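Breakdown of the fold
Listed below are the residues making up each chain.
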Amino acid sequence: MNKKFYITTPIYYPSANFHIGHCYSTIIADSIARYKRLDGYDTYFLTGSDEHGQKIAKKAEEAGKTPQEYVDEIVENAKDLWKSLGITYDRFIRTTDADHVEIVQKIFEKLYDQGDIYKGEYKGLYCTPCESFWTETQAKDGLCPDCGREVHEVSEEAYFLKLSKYQKRLEDHIESHPHFIRPESRKNEMLNNFIRPGLEDLCVSRTSFDWGIPVTFDKDHVVYVWIDALSNYITALGYGTDNDENFRKYWPADVHIVGKEIVRFHTIIWPIILMALDLPLPDQVFGHGWLIIEGNKISKSLGNYRDPREYIEKYSVDAVRYFSLREIPFGNDGNFSEEALVARINADLANTWGNLVNRTIGMANKYFEGTIRNRKNGEAIDELFIESLKTLKNKTDEKIDDLQISKVLEEIFDVLRSSNKYIDDTTPWVLAKDESKKERLETVLYNLLESIRITNILLKPFMPESTEKVDTYLKTERTSFEDAIYIDDLIYEVTDSPEPLFERIQKEEN
Ligand code: ME8
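Please read all numbers here as calculations on a predicted model, not as lab measurements.

Attention now goes to helix 12 (residues 317–326). The element helix 12 is largely enclosed, with a buried count of 10 among its 10 residues. By the burial criterion, the buried members of helix 12 are V317, D318, A319, V320, R321, Y322, F323, S324, L325 and R326.

Moving on, we get to the side chain of D228. You can see D228 is positioned in helix 7 (residues 226–230). Within the buried set, D228 has no salt-bridge partner at all; the shortest N-O distance to an opposite charge, 11 Å, is to R91. A polar side-chain atom of D228 sits 2.8 Å from a polar atom in the side chain of H100. If we ignore the near neighbours within four places in the chain, the residues touching D228 are H52, T95, H100, V104, I213 and V223.

Okay, the sheet that holds strand 4 (residues 117–127) next. Pairing in this open sheet of 4 strands is antiparallel, and the strands run 5-4-6-8 from one edge to the other. Sheet topology places strand 5 (132–134) and strand 8 (202–203) at the edges, where each strand pairs with a single neighbour.

Okay, the pairing of strand 1 (residues 4–12) next. Burial within strand 1 is extensive, with 8 of its 9 residues counted as buried. The sheet contact formed by strand 1 and strand 2 (residues 42–49) spans 7 bridges and is parallel. By the bridge assignment for strand 2, F5 is matched with T43. For the handedness criterion, the β-α-β arrangement of strand 1, helix 1 (residues 20–38) and strand 2 is classed as right-handed. Inspection of the sheet shows strand 1 paired to strand 11 (residues 255–259) by 2 bridges, in the parallel sense. Each residue of the ladder has a partner; that of I7, found in strand 11, is V255.

Here we take up the packing of aromatic side chains. A full pass over the atoms with the stated rule returns 32 aromatic pairs. Taking the centre distance of 5.3 Å and the plane angle of 75 degrees together, the rings of Y12 and F18 count as edge-to-face. Accessibility assignment for this pair places Y12 and F18 in one class, buried. Ring pairs connect the aromatic residues Y6, Y44, Y233, Y239, F247, Y250, W251 and W270, which therefore count as one cluster. Above the face of the F92 ring, K79 is positioned so that its terminal group lies 5.2 Å from the ring centre.

Time to look at the site of the ligand. Taken together, 26 residues form the shell around the ligand, and within it S25, D50, E261, L291 and K300 come nearest. In the model, an oxygen atom of the ligand is placed 2.6 Å from a nitrogen or oxygen of the S25 side chain. Within the complex, 95% of the 670 Å² of free accessible area of the ligand lies under protein. Looking at the shell around the ligand residue by residue, the classes come out as 13 nonpolar, 9 polar and 4 charged.

Only a minority of non-glycine residues have a phi that is not negative, and only a minority of peptide bonds are not trans. Here the bond from R182 into P183 is cis, since omega is -10 degrees, no more than 30 degrees from zero. When you line up the elements, P183 lands in the loop between strand 7 (181–182) and helix 6 (184–195). Across the junction of W251 and P252, the peptide omega takes the value 0 degrees, indicating a cis bond. Tracing the backbone through its elements, the reader meets P252 in the loop between helix 9 (245–250) and strand 11. Within the chain, K376 stands out as a residue other than glycine whose phi angle is a positive 50 degrees. In this structure, K376 sits in the loop between strand 16 (371–373) and helix 14 (380–401). Judged by relative accessible area, which is 54%, K376 ranks as exposed.

Ranked by size, the top nonpolar core spans 172 residues in total, and within it L85, I227, I234, W251, W353 and F462 carry the most contacts. With 14 residues, the top contributor of residues to this core is helix 13 (residues 338–368). Formed by 7 residues, the second largest nonpolar core is a distinct cluster that contains C127, A139, C144 and V151.

In the structure shown here, the tally under the stated rule is 45 salt bridges. Put simply, D254 and K4 hold a salt bridge, and the shortest N to O gap is 2.8 Å. Highlighted residues: D254 in the loop between helix 9 and strand 11 and K4 in strand 1, separated in sequence by 250 residues. The class for K4 is partly exposed, based on a relative accessible area of 22%. A salt bridge links E175 to R196; the shortest N-O distance between them is 2.5 Å. Of this pair, E175 sits in helix 5 (residues 167–176) while R196 sits in the loop between helix 6 and strand 8, and the two are 21 residues apart along the sequence. Linked by salt bridges that have partners in common, R306, E310, K314 and E338 make up one network.

Below, the discussion takes up the packing of helix 2 (residues 54–62) against helix 3 (residues 67–84). For the pair helix 2 and helix 3, the least separation of the axes is 8 Å and the interaxial angle reads 95 degrees. Taken together, the axes of helix 2 and helix 3 lie roughly perpendicular to each other. Contacts between helix 2 and helix 3 pair I56, A57, K59 and A60 from the former with P67, Y70 and V71 from the latter. Class assignment of the residues belonging to the contact of helix 2 with helix 3 gives a composition of 6 nonpolar, no polar and 1 charged.

Moving on: helix 11 (residues 308–315). Considered for burial, the residues of helix 11 that qualify are P308, R309, Y311, I312 and Y315. The arc enclosing the buried residues of helix 11, seen along the axis, measures out at 160 degrees, which places them on a common side. Packed against the buried residues of helix 11 are helix 1, helix 3, helix 12 and helix 13. With a side-chain oxygen positioned 2.8 Å from the backbone nitrogen of R309, the residue opening helix 11 is D307. S316 sits one or two positions beyond helix 11 and adopts a positive phi of about 95 degrees.

Looking now at the layout of surface pockets. One water molecule sets the probe size; rolling that probe over the atoms shows where empty space is left. Put simply, the largest pocket is a space of about 1,200 Å³. Looking at the largest pocket, it is lined by 48 residues, and the ones nearest its centre are D146, E261, I262, W290 and K297. For the lining of the largest pocket, a count of residues per class yields 23 nonpolar, 14 polar and 11 charged. Of the voids in this model, the second largest pocket is the one considered here, and its volume is about 710 Å³. Every residue lining the second largest pocket is counted, 30 residues in all, and those nearest its centre are F133, T135, Q138, E200 and R264. Residue assignment for the lining of the second largest pocket shows that the elements contributing at least two residues are strand 4, strand 5, strand 6 (152–161), helix 6, strand 8 and helix 10 (263–276). When grouped by side-chain class, the residues that make up the lining of the second largest pocket number 16 nonpolar, 7 polar and 7 charged.

Parameters at a glance
- Residues numbered from 1 in each chain as written.
- Predicted model: local features only at pLDDT ≥ 70, side-chain atom pairs only at ≥ 80, totals over all residues.
- Heavy atoms only, no water.
- Buried < 20%, exposed > 50% of the residue type's maximum accessible area, 1.4 Å probe, protein only.
- Helix = DSSP H or I, 4+ residues; strand = E, 2+ residues; numbered from the N terminus.
- Lys, Arg positive; Asp, Glu negative; His and termini not counted.
- Salt bridge = Lys/Arg side-chain N within 4 Å of Asp/Glu carboxyl O.
- Polar contact = N/O pair within 3.5 Å; in protein donor to acceptor, adjacent residues only side chain to side chain.
- Contact = heavy atoms within 4.5 Å.
- Pairing = 2+ DSSP bridges.
- Right-handed = clockwise from strand over helix to strand, strands pointing away.
- Phe/Tyr/Trp six-rings, centres within 6.5 Å; stacked < 30°, edge-to-face > 60°.
- Lys NZ or Arg CZ within 6 Å of the ring centre and 35° of its normal.
- Near = heavy atom within 4 Å.
- Areas by Shrake-Rupley, 256 points an atom, 1.4 Å probe, with all protein chains shown as cover.
- Nonpolar A, V, L, I, M, F, W, Y, C, P; charged D, E, K, R; others polar.
- Core = buried A, V, L, I, M, F, W, Y, C linked by side-chain atoms within 4.5 Å.
- Axes fitted to C-alpha atoms, helices over the stretch in contact; angles between N-to-C directions.
- Parallel < 35°, antiparallel > 145°, perpendicular 65-115°, else oblique.
- Arc of directions from axis to C-beta.
- 1 Å grid on protein atoms, 1.4 Å probe; cavity = no way out; pocket = protein on both sides within 12 Å on 5 of 7 lines; lining within 4 Å.
- Points joined across faces, edges and corners; volume = space filled by probe spheres on them.

Okay, structure coming up:
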C-alpha cells in the first residue's frame, strides 16, 4: 500500500474576501500536497473556512445580511480564488457544514462528560477584531498585542477546558518530538513563554452571541472558537461518524501549515483536545512568517491589499505561485510588493527558465530539425552537469520533507542556471560551424533537453500551468516523478513553434 500524507492549511475567517496572505499558506500547502501526490503518496489536502463568531455576525449585520448569507458569498469567492490559483484541495471544510457541527457537539459533550470541560465564569480582556482573549500582562496598556487596538473587559458564565491538567504531558511531548513545532524558534517560544509559566484553563463557550455551534446540554451557550475551529482537521475526515474511513487512513496529520500567530493554538490547545480525546497528535505544526506590505502585516482588519486575482491576471498564476514559494525562506517574514514579484519573474522565470527552454528548443530546430538523439559524444564538462541532474530529485525530496520550500526551488533553479552556463561553456553555435562536431553538438543539446525534462518534472507541483506547456514543447512521455532521472537513450522530437515560456516584464511608465 502507498504511504499516506495528510496536510492542512488553517481554515480562514470569511469575514472579508481572502487576500494574498491566505494565498501564501494555501499555495505552499498545495505545492507540498502536489509534490507528495506526484511522488506516489496517498495524499489528503484540507483547507476551508472558519465561519462562526461574533466578528462575522457583526460584519453580516453591517452588510444587512444573515451570517449564513454573508459567509456563503465569501466562501464562493474563496473557492473561485482557489480555482484560479490551481489549488487541489480534497475537501473545503466549512465549520457550518452539518457533519462538522454534529461532531463538534459530540466532542464538547464527551469532554464535558469526562470532566475535561467544566462550567465557570469568564473574566478577561477581549479584542473583537481579532477574536482573541488576552491576559492583563499580554494586553499591555489595554491594547491587543496582535493588532494594537483597544481590548475591553468582559465577564460571563462560560465553560472551560482544563488545559492545566495536560500541561506536563504536553511539555514532555514537545521535548521528546523535536519536529513537532517548527521552526525551532517557535518551539522555544511556546515552551518558554506559554507552557512552562503555566497554562490557564481555556474559555470554550460564550453566551454573548449566538452565531456558533450550540452546546447541546446548555442552550444559552455556543461553542467558542477553538474547539469548533481546530476540530475541523478531524471532522473533515469523518471522525466520530460511521463513515470514518478517511479518518482511519489519514489521521494523524503529517503537517499543519499555519501562520506564526496561531502556532500557540495549534501546539497547545489542539494537542490537548486530542489528548483528551485519546487520539494521536499531528506529526508537525509549521508556523510560517507573515507577508508584509509597507511595514504592516497584510490583514483583513487593516484592509491594506488588493484582490490576488489582479496579480494572477496581470502576471499569470504560476508567477504568483512561484513568488509565494520562492521569495521568502519558509518560516521568515518577507515583503510582498509588485516590484519584487516582477523582479522574480524577470530574473528566474524569464531569464533563467524561459530562456533555457526557448534557446534549447530553438537550437534543436535550427541544427537538427527538432529531432535529437544522444550521440554519447561526451566531454569532461558533461560529467558534473549530468551528475547534478541525477542527484536533483534526492535533494528536492530532502528539502520537501524538511519543509524548506524556497530551498527546493533554489535547488531546481541552480540546475537551470548551470544549464544556461553549460550552453555558454559548450558554445553550440561554434560547434555548429564544424561538420566534424555535429555529434558533439547533438550530445550537448541532448543533455540540455534532459535537464529541461527533469527540472520540469520537479517543477510540476509548484508551477502546474507552465510545466504543462513545457511538456507540450518536449513531446516526451517520460514526465512522471519516477522519470526524474537522467535517461540516456530517449529520442526527442521537439515542437517547432514554442511560444516564449515567460516574457520579460518591462518597467511600467509612471
Ligand atoms: O486565524 N502573511 O483565520 P484568519 C502570511 N480562523 N500568512 C497570512 C497573512 C500574512 N500577512 N495573513 C493571513 C484564523 N495569513 C483562524 C484559523 S485554524 C483552525 C483557524 C494566513 O483568516 C496564515 O496562514 O485570520 C494565518 O495563520 C491565517 O492566514 C490566518 O487566517
